[in-house]
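Fold and contact review
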Amino acid sequence: MAKTPREYLNEFTQGLNDVAKTNRDNVKAFMNLLGVTYKPGALDTKTKELMSVAIAAYNRCEYCITYHVYKALEVGATREEIMEAAMVAVAFGGGPSMAYSVSLLKASIDEFEPDFKK
């Protein structure tokens, strides 16, 4: 793994801040979409984040994996719930989704889980 999960997360969030300096409206619109999408509705935020973890693993997006594992833990998802969501991605995405789930996704849980332990 070239970068740690925290490096991916920090690079993504810093990148958003940097791009917002020149493309504020676009970044603001994106962040607004996230805010609206992840508000509790028919599904709670934790369920939406678990869905996002699965989609991120399926799409093999390093930044999405680290961001949504972090956010899932932040809203109370457990290691077991996150890994189970990842296994749904594996059912659809096969070997590549498994490779990301057992490496970067698992490493992201290992890295970020202590941030939310009480």
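This report concerns the structure included in the present document. Keep in mind it's a predicted model, so treat the numbers as computed, not measured.

A word on the overall build of the protein chain. Along the backbone of the protein chain there are 5 helices and 0 strands. Listed N to C, the secondary structure of the protein chain is α-α-α-α-α in terms of helices and strands. Since a compact globule built from 118 residues should have a radius of gyration of about 13 Å, the 14 Å found for the protein chain is in line with a globular shape. Considered along the principal axes of its C-alpha atoms, the protein chain spans approximately 40 × 40 × 35 Å.

Once that is clear, we can look at the pattern of salt bridges. One pass over the full model with this rule turns up 9 salt bridges. Residue Asp 115 pairs with Arg 6 through a salt bridge whose shortest N-O separation is 3.0 Å. In this pair, Asp 115 sits in the segment after helix 5 (79-112) while Arg 6 sits in helix 1 (residues 5-20), placing the two residues 109 residues apart along the sequence. With a relative accessible area of 25%, Arg 6 lands in the partly exposed category. Put simply, Arg 79, Lys 106, Asp 110 and Glu 113 are held in one network by salt bridges that share partners.

Here we come to the layout of surface pockets. Approximately 190 Å³ is the volume attributed to the largest pocket. Taken together, Phe 12, Phe 30, Leu 33, Leu 34, Thr 37, Tyr 38, Lys 48, Ser 52, Tyr 63, Cys 64, Tyr 67 and His 68 make up the full set of residues lining the largest pocket. Elements represented by at least two residues in the lining of the largest pocket include exactly helix 2 (24-37), helix 3 (45-59) and helix 4 (62-74). When its residues are assigned to classes, the lining of the largest pocket shows 8 nonpolar, 3 polar and 1 charged.

Rules behind the numbers
Residues numbered from 1 in each chain as written. Predicted model: local features only at pLDDT ≥ 70, side-chain atom pairs only at ≥ 80, totals over all residues. Heavy atoms only, no water. Helix = DSSP H or I, 4+ residues; strand = E, 2+ residues; numbered from the N terminus. Rg over C-alpha atoms; globule rule 2.2 N^0.38 Å. Salt bridge = Lys/Arg side-chain N within 4 Å of Asp/Glu carboxyl O. Buried < 20%, exposed > 50% of the residue type's maximum accessible area, 1.4 Å probe, protein only. 1 Å grid on protein atoms, 1.4 Å probe; cavity = no way out; pocket = protein on both sides within 12 Å on 5 of 7 lines; lining within 4 Å. Points joined across faces, edges and corners; volume = space filled by probe spheres on them. Nonpolar A, V, L, I, M, F, W, Y, C, P; charged D, E, K, R; others polar.

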